[in-house]
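If you want the building blocks of each chain, they are given just below.
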Amino acid sequence: MKAIGYQTPSSIDLETSLVDITLDKPSATGKDLLVKIHAVSVNPADTKIRAMVPPPADSWGVLGFDASGVVEAVGPDVSHFSVGEEVYYSGSVARPGTNSEFHLVDERIVGNKPSSLTHPEAAALPLTTLTAWEALFDRLDVNRPTVQGSKLILIIGGAGGVGSIAIQLLRAMTDMTIIATASRPETEAWVRELGAHYVINHRQPLAPQIEALGLGAPGFVFSTNQTHKHLPDIAELIAPQGRFSVTDELEPFESRPFVMKAVSIHFELMFTRALFETADMDEQGKLLNQVAALVDAGKIRTTLTEIAGKINAQNLRKVHARIETGQARGKTVLAGF
């Protein structure tokens, strides 16, 4: 089968950073589905792994998490899917990725593709949707009020993949007031279109902009990228006893301002359930089905902004390079081989 892989972590400007390869078609065992891939999207996680994580010796590393496709075969222990069903999902960091013609995935983290979406439109959603949902409703627990600012949330990086779906989930499932950050006219327009009530610029100090809105201190802050740059501002602007969730890794930082406000800090990684095969691993499949229902009901829209050609090494290198600029809007998808 066709696939795209790498053998040595490297800069994306090298042609060897991602190359077209041929691998054996895998077979479904246990709870696995064998999925024929129709479309994939690219996430920052792909670029970080490609640049820093070597594959096992004498083997190819195949990247890719988000996918939409059709079930080709099922393992003997599969109970929720049948051959021919359309599915969408985000895979596991512990297994080969979706940048291949066929892909094995545990059925517990798979959802039925929204019937109203094409494969490219569906492929844009899984990783960012899982991340946003878990951060908002599991980590931040936004439906449990904070003492102050319980109806006010700040989303840092509102125009990216995670921010784009987080805004929509909040509008569809809560009555919260949403402040999102964006830094360019096109990204500001994008987050407003998705449902943000207010937009501030993350290239400027955040705390003065929040104060100028006159809404009070937000009880919730959800930071989706470059969090280290905003930590002093976040500590200043968040309400006492507020909740703060972050999706990127943090270097050692000054915790005292957060301690003084008794702010709870929550790290979100949607790969955790699959990586550790937690007892609630199947929650991700259920969650994706809930989101599919919201999509088909017209309450959530795809965050696809571009189809950048077929799934091959040349196109993937271009998309990786663009994502590494940190100026993505929504999600970029590749479709077909």
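Relevant structure appears above.
Everything numeric in this text was worked out from a predicted model, so none of it was measured.

Caption draft 1: Just the pairing of strand β12 (residues 243-246), in detail. A two-sided burial pattern is seen for β12, the buried positions comprising Arg243 and Ser245 on one face and Phe244 and Val246 on the other. Bridge count between strand β11 (residues 220-223) and β12: four bridges; the pairing is parallel. What sits directly across from phenylalanine 222, in β12, is serine 245. Read from β11 through helix α7 (residues 227-237) to β12, the crossover connection turns out right-handed. In terms of strand pairing, β12 meets strand β13 (residues 264-267) through four bridges, oriented parallel. For arginine 243, the partnering residue across the bridge sits in β13 and is serine 264.

Caption draft 2: The side chain of histidine 103, seen in detail. Tracing the chain through its elements places histidine 103 in strand β6 (residues 102-106). A distance of 2.8 Å separates the side chain of histidine 103 from the backbone oxygen of proline 96, its partner in a polar contact. In contact with histidine 103, not counting residues within four places along its chain, are Leu33, Leu34, Val35, Ile37, Tyr89, Pro96, Gly97 and Thr98.

Caption draft 3: Region of the structure containing the environment of methionine 260. With respect to the element layout, methionine 260 can be found in helix α8 (residues 256-260). In sequence terms methionine 260 and isoleucine 300 are 40 residues apart; their C-alpha atoms lie 38 Å from each other.

Caption draft 4: Structural detail: helix α1 (residues 44-52). Those residues of α1 that sit buried are Asp46, Thr47, Ile49 and Arg50. Down the axis, α1 shows its buried residues gathered within 165° of arc, on one side only. Looking at the buried positions of α1, the neighbouring elements they touch are α11 (313-323).

Caption draft 5: Highlighting the environment of valine 291. Here valine 291 shows up in helix α10 (residues 283-296). A residue is classified by how much of its surface remains accessible, and valine 291, at 0% relative accessible area, is buried. Taking the C-alpha atoms as reference, valine 291 lies 9.5 Å from tryptophan 133; in sequence the two are 158 residues apart. If we skip the residues at most four places from it in the chain, valine 291 touches Tyr88, Thr129 and Trp133.

Caption draft 6: How the structure looks around the side chain of threonine 187. Residue placement: threonine 187 occurs in helix α5 (residues 185-194). Classification of threonine 187 as buried rests on a relative accessible area of 3%. Here the side chain of threonine 187 touches arginine 184 through a polar contact of 2.9 Å, landing on its backbone oxygen. Discounting chain neighbours no more than four positions away, the residues touching threonine 187 are Ala159, Ala182 and Arg329.

Caption draft 7: View of the nonpolar core. Among the nonpolar cores identified, the biggest contains 72 residues, and Tyr89, Leu136, Val142, Ile153, Leu169 and Val191 are the most heavily contacted of them. At seven residues, the largest contribution of residues to this core is made by helix α3 (residues 126-139). In contact with leucine 136, other than residues within four places in its own chain, are Asp141, Val142, Ile153, Ala166, Leu169, Leu170 and Phe222.

Caption draft 8: Region of the structure containing the packing of helix α4 (residues 161-173) against α5. At a closest axis distance of 9 Å, the pairing of α4 and α5 adopts a crossing angle of 25°. Between α4 and α5, the crossing angle belongs to the class labelled roughly parallel. Helix-helix and strand crossings are classified by hand; for α4 and α5 the assignment is right-handed. Side by side, α4 and α5 meet where Ser164, Ile167, Gln168 and Arg171 of the first sit next to Trp190, Val191 and Leu194 of the second.

Caption draft 9: Representation of the sheet that holds strand β8 (residues 152-156) within the structure. Spatially, the six strands line up as an open sheet ordered β10-β9-β8-β11-β12-β13, and their pairing is parallel. Two strands lie at the open edges of the sheet, namely β10 (198-200) and β13, each paired on one side alone. The average undirected angle you get between the axes of adjacent strands in this sheet is 20°. Together, β8, β9 (177-181) and β10 form the strand contacts of helix α6 (residues 206-213), whose direction differs from that of β10 by roughly 150°.

Caption draft 10: Structural detail: the packing of aromatic side chains. Taken as a whole and assessed by the stated rule, the structure comprises four aromatic pairs. Plain terms: the ring middles of phenylalanine 253 and phenylalanine 258 are 6.0 Å apart, the flat faces sit at 90° to each other, and that makes the pair edge-to-face. Owing to a relative accessible area of 31%, phenylalanine 253 belongs among the partly exposed residues under this scheme. Given the relative accessible area of 4%, phenylalanine 258 is considered buried. If you follow lysine 25 out to its NZ or CZ, it ends over the ring of phenylalanine 102, 4.3 Å from the centre.

Calculation rules
The numbering scheme is per chain: residues are counted from 1 as the chain's sequence reads. Confidence filtering applies because this is a predicted model: local features only for residues at pLDDT of at least 70, side-chain atom pairs given and counted only at 80 or more, and all residues used for totals across whole chains, interfaces and linings. Only heavy atoms go into the side-chain values, all of them from the structure, while hydrogens and water stay out. Buried means the residue's accessible area, taken with a 1.4 Å probe over protein chains only, is under 20% of the maximum for its type, while exposed means over 50%, and partly exposed covers the values in between. Working definition: helices are DSSP H or I runs of at least four residues, strands are E runs of at least two. Numbering for both runs from the N terminus. Here, strands pair whenever DSSP counts at least two bridges between them. Every crossover in which the path from the first strand over the helix to the second runs clockwise, viewed with the strands pointing away from the viewer, is termed right-handed. Two N or O atoms count as a polar contact when they lie within 3.5 Å, although within protein this holds only if one can serve as hydrogen donor and the other as acceptor, and sequence-adjacent residues are included solely when both atoms are side-chain atoms. Any two residues whose heavy atoms approach within 4.5 Å are treated as being in contact. Working definition: the arc comes from the directions between the helix axis and the C-beta atoms, pointing outward to the latter. We define a nonpolar core as any set of buried Ala, Val, Leu, Ile, Met, Phe, Trp, Tyr and Cys residues linked to one another through side-chain atoms lying within 4.5 Å. Lines fitted to the C-alpha atoms define the axes, with helices restricted to the stretch that makes contact. Angles between their N-to-C directions range from 0 to 180 degrees. An angle below 35 degrees is treated as roughly parallel, one above 145 as roughly antiparallel, one from 65 to 115 as roughly perpendicular, and anything else as oblique. For any helix crossing, the convention is left-handed if the near helix is rotated counterclockwise from the far helix by under a right angle, and right-handed if that rotation is clockwise. Planes of paired rings set the category: under 30 degrees apart is stacked, over 60 is edge-to-face and the rest tilted, where pairs are Phe, Tyr or Trp rings (Trp by its six-membered ring) whose centres lie within 6.5 Å. For a ring to carry a charge above it, either NZ of a lysine or CZ of an arginine must fall within 6 Å of the ring centroid while also lying within 35 degrees of the normal to the ring plane.

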